[in-house]
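Structural overview
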Amino acid sequence: MDVTVHLAQDPEADALLGRSPLAALVGMLLDQQVPMEWAFKGPRTIADRLGTTDLDAHEIAAMDPEAFAALLSEKPAVHRYPGSMAKRVQQLCQYLTEHYDGDPEAVWRGVASGAELLKRLEDLPGFGRQKAQIFLALLGKQLGVAPKGWREAAGAYGEAKSFRSVADITGPESLAKVRAHKQEMKAAAKAAKAAGG
């Protein structure tokens, strides 16, 4: 995997995301309750604090949980909830170590169909259906992983020329479009809740 992405809107963080399957998975895991760019800068921040150029599932899985939580909590914190996200990142790395010998790319390498890949992603700790579909769309649209039926498995996130998620961000202009879409969805959900309440 060696592609150019613009998810963190930071050249060094994006370079890591484009070459490291684990960094991409961790960034996706962190992408909740914080701005997208903050989430996707997280893997680079973690690597820097570990004193390495990449993330290693075996190393993170084996770290003392308190020490790893402290690493994510250093200022500036990697996430709004650094303690709970540290636990989730370690759970993800432990799962990858147990099920894929620590090789995150094995989650999608040689997969036969989009449906099978979606199932594998949904099995990852911290990845519900929506997060799995968004990551599947990111794999298909930007990371060159496109098994048969991937767009269908990714649902609306797999649609071409859409601006629904991080899978559609290729620069500042598309980031603004994705942000606008998310704000529309939040407003619609709020209006629906108000109408029903």
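Residues numbered from 1 in each chain as written. Predicted model: local features only at pLDDT ≥ 70, side-chain atom pairs only at ≥ 80, totals over all residues. Heavy atoms only, no water.

What follows deals with the UniProt feature "domain: HhH-GPD" (unreviewed entry) in the protein. UniProt feature "domain: HhH-GPD" (unreviewed entry): in the numbering of this structure it lies at residues 26–136. For residues 26–136, helix accounts for 64% and strand for 0%, while the C-alpha atoms at its two ends are 14 Å apart. (UniProt positions renumbered as here; feature names shortened; annotations may be inferred. Helix = DSSP H or I, 4+ residues; strand = E, 2+ residues; numbered from the N terminus.)

Before going further, it helps to examine the packing of aromatic side chains. Per the stated rule, a full pass over the model turns up 2 aromatic pairs. Ring geometry for Trp108 against Phe135: centres 5.8 Å apart, planes inclined by 50°, an arrangement best described as tilted. A residue pair is termed long-range when its members are at least 10 positions apart, and Trp108 in the loop between helix 6 (82–100) and helix 7 (114–122) and Phe135 in helix 8 (residues 129–142) qualify at 27 residues. You'll find Trp108 and Phe135 in the same group, each marked buried. Relative to Phe135, the ring of Phe127 has its centre 6.1 Å away and its plane inclined at 90°; by these criteria the two rings are edge-to-face. The class for Phe127 is buried, based on a relative accessible area of 4%. (Phe/Tyr/Trp six-rings, centres within 6.5 Å; stacked < 30°, edge-to-face > 60°. Buried < 20%, exposed > 50% of the residue type's maximum accessible area, 1.4 Å probe, protein only.)

The next thing to look at is the environment of Pro21. Assignment of secondary structure puts Pro21 in helix 2 (residues 21–30). Along the chain, Pro21 and Arg120 lie 99 residues apart, while their C-alpha atoms are 15 Å from each other.

A few words now on the environment of Pro147. In this fold, Pro147 is placed in the loop between helix 8 and helix 9 (150–153). The class for Pro147 is buried, based on a relative accessible area of 9%. Separated by 31 residues in the primary sequence, Pro147 and Glu116 place their C-alpha atoms 9.2 Å from one another. The contacts of Pro147, once residues within four sequence positions are left out, are Val111, Ala112, Ser113, Gly114 and Leu117. (Contact = heavy atoms within 4.5 Å.)

Another aspect to go through is the layout of surface pockets. One number sums up the size of the largest pocket: a volume of about 620 Å³. Taken together, 21 residues make up the lining of the largest pocket; nearest its centre are Asp31, Gln32, Met36, Lys182 and Lys186. Contributions of two or more residues to the lining of the largest pocket are made by helix 8 and helix 10 (172–196). Classifying every residue of the lining of the largest pocket gives 9 nonpolar, 6 polar and 6 charged. (1 Å grid on protein atoms, 1.4 Å probe; cavity = no way out; pocket = protein on both sides within 12 Å on 5 of 7 lines; lining within 4 Å. Points joined across faces, edges and corners; volume = space filled by probe spheres on them. Nonpolar A, V, L, I, M, F, W, Y, C, P; charged D, E, K, R; others polar.)

A separate point is unusual backbone geometry. Going from Lys75 to Pro76, the amide bond is cis rather than trans, its omega being -10°. Residue position: Pro76 is located in the loop between helix 5 (65–73) and helix 6. Even without glycine at this site, Gln33 takes up a positive phi of about 65°. Mapped onto the elements, Gln33 comes out in the loop between helix 2 and helix 3 (36–50). At Asp101, a residue that is not glycine, the phi angle is positive and equals roughly 55°. Among the secondary structure elements, Asp101 is positioned in the loop between helix 6 and helix 7.

Their axes nearest at 11 Å, the elements helix 2 and helix 8 cross at an angle of 140°. By the criterion of interaxial angle, the relationship of helix 2 to helix 8 is oblique. Of the two elements, helix 2 crosses helix 8, and the hand of that crossing is right-handed. For the pair helix 2 and helix 8, the contacting residues are Ala24, Leu25, Met28 and Leu29 in the first and Lys131, Ile134 and Phe135 in the second. (Axes fitted to C-alpha atoms, helices over the stretch in contact; angles between N-to-C directions. Parallel < 35°, antiparallel > 145°, perpendicular 65-115°, else oblique. Left-handed = near helix turned anticlockwise from the far one by under 90°.)

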